[in-house]
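If you want the building blocks of each chain, they are given just below.
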Amino acid sequence: MCRPSEQDDLRFVVVGMSDEDNPLFTEEVLSLISTHKAFSGGKRHRELVSHLLPERAEWIDVTVPLSQVYERYRELNQPILVFASGDPLFFGYTTTLMREFPGRVRRTFPSFNSLQLLSHALTLPYHDMRVVSLTGRPWQELDRALIERAPKIGILTDRKNTPEAIAARLIDYGYTGYRMHIGVKLGGARQQLYTLSLQEARAQSFDVPNCVIIECLNPTEAYAPVLGLSELDFMPLNGRVNMITKMPIRLLSLSLLELHRKRSLWDIGFCTGSVSIEARLQFPHLSITSFEIRAEGEELMRTNSRRFGAPGIEYHIGDFLSFDLSQFAPPEAAFIGGHGGKMGLFIDRLIPLMEGSDPCIVFNSVSEDTLALFREAIDRHGWRIAREMKIQVDEHNPIVCLQAKP
């Protein structure tokens, strides 16, 4: 990151533009172009504006790795006019510039972004549209919008997260009450528009660049996920319904995890996935990482997460003690659903990785022995039992639900 004292003359003006030939700019922007000597943008931008640049103008292509582009900016150490597609402040290059060069982006000039162009092409009001970007990003925010039953979602795509891939994901997790609008090469003579069912969109491929709006066919049917999923609706482990965390105990455990204040949850020993799935549906902002040693867990999580419409759970099959845990998003909350008699080792690996201002671990004990093992393990790390509750469901054995904190 540059330091102002070392880069006194470096500053940026960012001009949004369309992808069409002969782009139109205001007189103010044309004046800025004529007075700048250094310019930057994509290769396509250079093709479109080259006739407007002053003689001996210097151009820096925006290409990866961006670190080399930034270094070139610093070497120039002068005002740079940057051309960007659409609205520079809408999931654009400008936000990257602002992170790398704080305080150096002095002005921005917007053009229509692709989702605005698509909305206008469809005559579709977009003031109520939820916007997510899949351009070089994971599915997290789209999954969250779906779980929260957003009736209209605008989606920025890339070559991996395509309209057909999006349609397939919606179908896979049961979000079939949407239709899909697809805009290709928007804003001029090359523009293509499609309004398709999810099944139709999944079966096709589309030119790039493109973007998508999915629209709920019956917005009155949008609703919040059910609170308290019935264990009878889960696919159980080898037909053993008693292996599923019972709904009242599951809801108590989620309450003790305090997930409304957390960003990341680990579910260790997920079995059927009931805790992960309920957490995903009730707290869709969460990053959830789940572990299960039994190979059957893969099919159970895949089946049950789709059955309940809970995309985005990152699950791993294998011995928790054998994983390189540094590769996963660190937990702010953890639920231990199974430990295979290795409670102390689990806690020893888990606690040093816990993050956040108020981390916690929740464990449901079915016997005095496991209760003692848990107490001993957390005490060794200077943690304490913050809350302890005993609960019994029907004729099943009482369960002691424990919340541990530093």
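Student: Which parts of the structure should I look at to understand the sheet that holds strand β2 (residues 38–41)?
Tutor: Taken together, the 5 strands give an open sheet; going across it, the order is β3-β2-β4-β1-β5, and neighbouring strands pair in parallel fashion. Two strands bound the open sheet, and with one partner strand each, they are β3 (58–61) and β5 (105–109). Across this sheet, the average inter-strand angle for adjacent strands is 20°, counted without regard to direction. Pairing of β2 with strand β4 (residues 79–85) involves 3 bridges; the strand directions are parallel. Note that in β4 the partner of Ala38 across the bridge is Ile80.

Student: What should I look at first to understand the packing of helix α3 (residues 66–76) against helix α4 (residues 93–100) in this one?
Tutor: What describes two packed helices is the angle between their axes and the distance between those same axes. Their axes nearest at 12 Å, the elements α3 and α4 cross at an angle of 65°. Relative to α4, the crossing made by α3 is right-handed. Together, Leu66, Val69, Tyr70, Tyr73 and Arg74 of α3 and Tyr93, Thr96, Leu97 and Glu100 of α4 make up the contact between the two elements. Residue composition of the contact of α3 with α4, by class: 6 nonpolar, 1 polar and 2 charged.

Student: Please explain the pairing of β2 as it appears in this structure.
Tutor: Consecutive residues of a regular strand have side chains that alternate between opposite faces of the sheet. Every second residue of β2 is oriented toward a common face, with Ala38 and Ser40 on one face and Phe39 and Gly41 on the other, all of them buried. In this sheet, β3 lies alongside β2 in parallel orientation, the contact comprising 4 bridges. Along β3, the bridge assignment pairs Ala38 with Glu58. Regarding topology, helix α2 (residues 43–49) serves as the crossover connection from β2 to the parallel β3, and that connection is right-handed.

Student: So what exactly am I meant to see when it comes to the side chain of Ser253 here?
Tutor: With respect to the secondary-structure elements, Ser253 resides in helix α9 (residues 247–257). Since its relative accessible area comes to 0%, Ser253 is described here as buried. Each residue touching Ser253, except ones within four places of it in the same chain, is listed here: Phe335, Val362 and Asn364.

Student: Sorry, what's going on with helix α10 (residues 274–282) here?
Tutor: Because the α-helix completes a turn every 3.6 residues, residues three or four places apart line up on one side. Most of α10 is tucked away, with 8 of its 9 residues classed as buried. Looking at α10, one finds that the buried residues are Ser274, Val275, Ser276, Ile277, Glu278, Ala279, Arg280 and Leu281. Against α6 (140–147), α9, β11 (264–268), β12 (287–292), α11 (296–307) and β14 (333–336) lie the buried residues of α10.

Student: Mind showing me how you'd approach the packing of aromatic side chains here?
Tutor: Two aromatic rings are characterised by how far apart their centres lie and by the angle between their planes. Inspection of every chain in the model, using the stated rule, returns 20 aromatic pairs. Taking 6.4 Å as the distance between ring centres and 15° as the angle between the ring planes, the aromatic pair formed by Phe39 and Phe83 counts as stacked. You can see Phe39 sitting in strand β2 and its partner Phe83 sitting in strand β4, a full 44 residues away along the chain. Overall, the relative accessible area of 0% leaves Phe39 in the buried class.

Cut-offs and rules
- Residues numbered from 1 in each chain as written.
- Predicted model: local features only at pLDDT ≥ 70, side-chain atom pairs only at ≥ 80, totals over all residues.
- Heavy atoms only, no water.
- Pairing = 2+ DSSP bridges.
- Helix = DSSP H or I, 4+ residues; strand = E, 2+ residues; numbered from the N terminus.
- Axes fitted to C-alpha atoms, helices over the stretch in contact; angles between N-to-C directions.
- Left-handed = near helix turned anticlockwise from the far one by under 90°.
- Contact = heavy atoms within 4.5 Å.
- Nonpolar A, V, L, I, M, F, W, Y, C, P; charged D, E, K, R; others polar.
- Buried < 20%, exposed > 50% of the residue type's maximum accessible area, 1.4 Å probe, protein only.
- Right-handed = clockwise from strand over helix to strand, strands pointing away.
- Phe/Tyr/Trp six-rings, centres within 6.5 Å; stacked < 30°, edge-to-face > 60°.

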